[in-house]
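Overview (structure and organization)
For reference, the chains in residue letters:
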2 protein chains.
Amino acid sequence: MKAALLTVGTEILFGQVVNTNAAYLSEQLNRLGIDVMYHYTVGDNPARMKDMISLAFTDCDLLITTGGLGPTEDDLTKEMVCEVLGDELVLDDETMESLKEYERQRGRKITQNNYKQAWVPSKGIVFANTAGTAPGFAIETDGKTAICLPGPPRELKNMFEGKVKPYLESVSGACIFYRQIRCFGLGESELETRLLPLIDGQTDPTLATYAKEGECAVRVASKRATREEAVKAVDDMTVKVKELVGDFIYSCDDEDMPQVVCTKLKEKGLTLSSAETCTGGLFAKTVTDIPGISCVFEKGYVVYSDRSKAEELGADMSIIQKYGIVSEEAALELVKGLEKKAGSDICIASTGMAGPGGGSDACPVGLIYVALAYRGKYYTKKAMANHSRREVVRHSAVLHMLDLINKNI
Amino acid sequence: MKAALLTVGTEILFGQVVNTNAAYLSEQLNRLGIDVMYHYTVGDNPARMKDMISLAFTDCDLLITTGGLGPTEDDLTKEMVCEVLGDELVLDDETMESLKEYERQRGRKITQNNYKQAWVPSKGIVFANTAGTAPGFAIETDGKTAICLPGPPRELKNMFEGKVKPYLESVSGACIFYRQIRCFGLGESELETRLLPLIDGQTDPTLATYAKEGECAVRVASKRATREEAVKAVDDMTVKVKELVGDFIYSCDDEDMPQVVCTKLKEKGLTLSSAETCTGGLFAKTVTDIPGISCVFEKGYVVYSDRSKAEELGADMSIIQKYGIVSEEAALELVKGLEKKAGSDICIASTGMAGPGGGSDACPVGLIYVALAYRGKYYTKKAMANHSRREVVRHSAVLHMLDLINKNI
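To start, this report covers the structure provided alongside it. Values in this document were obtained by computation on a predicted structure and should not be read as measured data.

Here the focus is the overall build of chain A. Looking only at helices and strands, chain A features 15 helices and 17 strands. In terms of overall dimensions, chain A has C-alpha extents of about 80 × 55 × 40 Å along its principal axes. Burial statistics for chain A: of 409 residues in total, 55% are counted as buried. The long-range fraction of contacts in chain A, counting pairs at least 24 apart against all pairs at least 6 apart in sequence, stands at 66%. As displayed, chain A offers around 17200 Å² of accessible surface, 49% of which is attributable to carbon and sulfur atoms.

Take the relation of the copies chain B and chain A next. Between chain B and chain A, which share one sequence, the superposing operator has a rotation angle of 180° and an axial displacement of 0.1 Å; the RMSD is 0.1 Å. As the rotation angle and translation indicate, the two copies are arranged about a two-fold axis. When the interface residues of chain B are mapped onto chain A, 100% of them again lie at the interface, so the same face is used by both copies.

Take empty space enclosed by the protein next. Scanning the entire structure with this criterion turns up one cavity of 30 Å³ or more. Taken together, 16 residues line the largest cavity, and the ones lying closest to its centre are Asn19 and Thr41 of chain A together with Asn19, Ala22 and His39 of chain B. Of the residues belonging to the lining of the largest cavity, the class tally is ten nonpolar, six polar and no charged.

The residue Asp142 of chain B is located in the loop between β7 (136-141) and β8 (144-149) in this model. C-alpha of Asp142 of chain B to C-alpha of Asp61 of chain B: the two residues are 81 residues apart in sequence and 9.6 Å apart in space.

Turning our eyes to something else, we now look at the packing of aromatic side chains. By the definition in use, this model includes ten aromatic pairs over all chains. The interplanar angle of 65° and the centroid separation of 5.8 Å between the aromatic rings of Phe297 of chain A and Tyr304 of chain B together place this pair among those described as edge-to-face. Within this pair, whereas Phe297 of chain A is found in strand β14 (residues 297-303), its partner Tyr304 of chain B is found in the loop between β14 (297-303) and α12 (306-313), the two belonging to separate chains. Of the residues examined, Phe297 of chain A reaches a relative accessible area of 0% and is grouped as buried. Grouped by ring-pair contacts, the aromatic residues Tyr38 and Tyr40 of chain A together with Tyr38 and Tyr40 of chain B constitute a single cluster. The cationic tip of Lys336 of chain A hangs over the ring face of Tyr378 of chain A; the distance from NZ or CZ to the ring centre is 5.1 Å.

Take the interface of chain B and chain A next. With 56 residues of chain B at the interface, the matching set in chain A holds 56 residues. Between chain B and chain A lies a buried interface of about 4400 Å² when both sides are counted; carbon and sulfur atoms form 55% of it. For chain B, the biggest contributors to the area lost against chain A are Leu13, His39 and Tyr304 of chain B; these three give 13% of the whole. Inspection of the chain B/chain A interface yields ten salt bridges. Its salt-bridge partner being Glu312 of chain A, residue Lys299 of chain B comes within 2.8 Å of it at the nearest N-O pair. Taken together, the connections running from chain B to chain A amount to 34 residue pairs in polar contact (both at pLDDT 80 or more). Looking at side-chain class alone, the side of chain B that touches chain A contains 26 nonpolar, 17 polar and 13 charged residues. Two strands pair when backbone bridges link them, and β14 of chain A and β14 of chain B are joined in this way by five bridges, in the antiparallel orientation. When the sheet's bridge partners are listed, Gly300 of chain A is paired in β14 of chain B with Val302 of chain B.

The rules behind each value
Residues numbered from 1 in each chain as written. Chains lettered and ligands numbered in written order. Predicted model: local features only at pLDDT ≥ 70, side-chain atom pairs only at ≥ 80, totals over all residues. Heavy atoms only, no water. Helix = DSSP H or I, 4+ residues; strand = E, 2+ residues; numbered from the N terminus. Buried < 20%, exposed > 50% of the residue type's maximum accessible area, 1.4 Å probe, protein only. Contact = heavy atoms within 4.5 Å. Areas by Shrake-Rupley, 256 points an atom, 1.4 Å probe, with all protein chains shown as cover. Least-squares fit on C-alpha atoms with pLDDT ≥ 70 in both. 1 Å grid on protein atoms, 1.4 Å probe; cavity = no way out; pocket = protein on both sides within 12 Å on 5 of 7 lines; lining within 4 Å. Points joined across faces, edges and corners; volume = space filled by probe spheres on them. Nonpolar A, V, L, I, M, F, W, Y, C, P; charged D, E, K, R; others polar. Phe/Tyr/Trp six-rings, centres within 6.5 Å; stacked < 30°, edge-to-face > 60°. Lys NZ or Arg CZ within 6 Å of the ring centre and 35° of its normal. Buried area = accessible area lost by both parts, 1.4 Å probe. Salt bridge = Lys/Arg side-chain N within 4 Å of Asp/Glu carboxyl O. Polar contact = N/O pair within 3.5 Å; in protein donor to acceptor, adjacent residues only side chain to side chain. Pairing = 2+ DSSP bridges.

On their own, these measurements won't tell you what the molecule is for.
Put into structure tokens, the structure is as follows:
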């Protein structure tokens with residue numbers, strides 16, 4: 001199946017909004033085995049919108065639009081789709097009722113222009129919007145399918161996950177199941193090399209490797225007649241992947257590293273404190289991005305100035321001066337000081353050269369040391385960020401802190 | 001002038017990369033008074049690329065492409081542009097020399113496929129790439145202009161800023177100067193209302209308001225015969241804008257709030273420490289995103305657990321229990337404790353309800369208190385984030401912390 005994506009919205013053409021919807025849908029469609037051939041973006045202009053819809057169907061079977069389904073005058077996506085595919089809009093009672101209910105819950109009456117959202121193509125399958133008001137729909141004529149979805153990313157994702165994915169699976173007559181296996185500590189090319197025996201000649205399940213920021217992932221996907229068969233094929237392949245790269249896998253459910261580590265700490269009832277230098281609070285920020293983490297995370301120290309390292313954590317400055325702040329010894333000094341002060345079950349510290357300035361041959365930008373104190377034992381790790389950009393080094397250091405915890409609790 | 005943007009790259013169609021180039025170029029072109037009508041994205045496929053280039057010129061005078069200029073076999077953008085505009089590629093000696101020099105500096109010899117990058121359209125104006133290897137170019141035939149730029153964002157921005165902008169200005173025979181004035185503490189609609197006397201009926205300079213995350217901005221732009229005239233027109237209008245909304249302006253040079261505050265602290269030789277609760281390290285992280293800030297930022301405390309607030313900062317828990325942690329009194333307790341412990345010139349603390357859970361009528365999600373200690377005086381501020389999403393509340397709290405510093409030093 002070949003697909004085109006049409007994003008409708010003047011704000012995209014003004015550069016005020018980055019088109020993340022197109023990236024999201026592309027990734028989702030590729031996972032479903034649908035090839036995305038084109039992205040188009042037009043403003044809220046009916047003639048240009050119609051041209052783009054016609055153009056998309058000249059060599060694609062599927063068009064997915066986002067945006068232009070709202071209540072205002074310039075929301076015209078469904079009108080133009082109907083014109084091109086030869087359909088007309090009819091009032092959908094169910095949508096009407098849910099619009100009324102939506103406004104009722106907010107203590108408001110439905111306004112005239114809100115009614116506009118209850119009109120849908122007569123031949124369309126309606127996708128109710130559980131995260132907003134404008135419904136989406138799919139309409140198929142002569143082998144050409146148009147799917148129209150709302151523009152706000154949260155509504156779009158919600159509708160795609162809950163309604164569009166099952167619809168596309170039902171249309172293709174096959175069930176697709178996939179799993180994202182996330183790895184840390186090896187590069188994408190090494191991951192691919194190790195998995196080559198599984199990748200070569202494999203048609204189903206398929207394996208594909210991806211590089212993410214500072215980490216990598218392998219996606220195992222299967223397309224079978226039933227969901228059960230697809231799940232079983234992916235499960236079997238997952239066992240084989242684990243045999244080859246199990247040491248590097250931290251999640252088989254596409255959870256990110258902070259989520260995995262924090263869930264583990266919650267389940268084990270362990271408390272956590274941190275001492276940071278070059279990451280400057282990024283570790284604490286990353287952990288506290290997760291709601292409800294206050295039962296785990298107790299306190300964080302950002303000891304940025306030299307003075308503060310000794311003052312706050314009682315670090316022995318003679319050791320730090322002897323080995324340099326970016327050293328295993330300094331990381332250990334920090335974590336031991338933290339352990340005494342915070343007394344949390346898990347104490348984690350890091351030090352590194354985030355750059356851009358200050359690097360040397362002995363201590364290049366990107367060099368990182370992390371140290372962990374847990375149950376009277378100390379663990380350390382030396383690492384090198386795979387890029388010297390400041391934000392990459394800092395992000396990488398946080399991942400190494402989390403990884404050291406994950407591997408040792 | 002009407003423009004279309006063509007992004008070339010299979011990685012965009014796979015959803016592995018978000019198309020930030022299109023957003024960047026759209027914003028830049030709009031600032032130059034050029035209307036962007038379409039965004040197109042295609043993979044590294046010559047036939048589809050050619051179709052899109054032809055399509056763009058059916059109702060636009062300007063096409064800007066990004067990507068597909070590199071050394072590999074599937075980099076075909078310039079070949080396709082030449083086919084559509086009836087030109088041919090010729091070897092550019094200057095580019096050849098700079099490619100050799102680039103490789104020489106890295107201790108490498110130029111490879112066969114690298115030569116490919118030195119071929120440019122015979123009628124083209126070459127834009128040297130000072131951040132990478134592939135040059136860009138502009139080519140004009142029968143009133144249709146194609147500008148081809150490299151795909152890596154850093155190379156693209158560099159080339160646009162240094163070469164393409166002056167080129168577009170010279171082509172249009174007019175000079176455009178604009179200024180982004182950034183405001184904090186009022187919403188976009190209020191900003192627009194206050195500026196209406198200046199916006200209404202104004203043709204040059206133009207004023208446009210924008211909402212950014214937790215803040216807003218007004219762009220003043222002028223298009224005149226000479227740069228001097230344009231600068232003067234924008235300067236004069238800036239004075240009028242300041243008269244109407246001066247209290248809310250924190251930058252007239254499009255610098256962000258952390259940059260503005262940290263530059264001020266550096267210039268004044270002031271040191272800074274922070275105590276955070278709901279922001280969980282985001283303030284320290286934001287400040288230390290800036291390279292070379294160690295002369296300003298001394299230390300940061302993330303006092304996440306109740307116990308740590310008393311232990312670390314000596315906060316009087318009876319006060320916190322009486323008024324609640326999200327209160328002016330609690331914020332003051334934290335900043336006074338921080339002042340005693342850190343002794344930095346500037347001490348800043350915040351407390352708030354970041355959600356998603358835990359909100360109540362008395363203390364809703366989004367409520368924020370910030371407190372500042374400076375030269376023996378204390379300053380506090382109560383604020384409400386304009387959205388209840390956890391990340392929005394946390395970001396907003398950090399902006400209020402920076403704003404309180406900015407207004408009182």
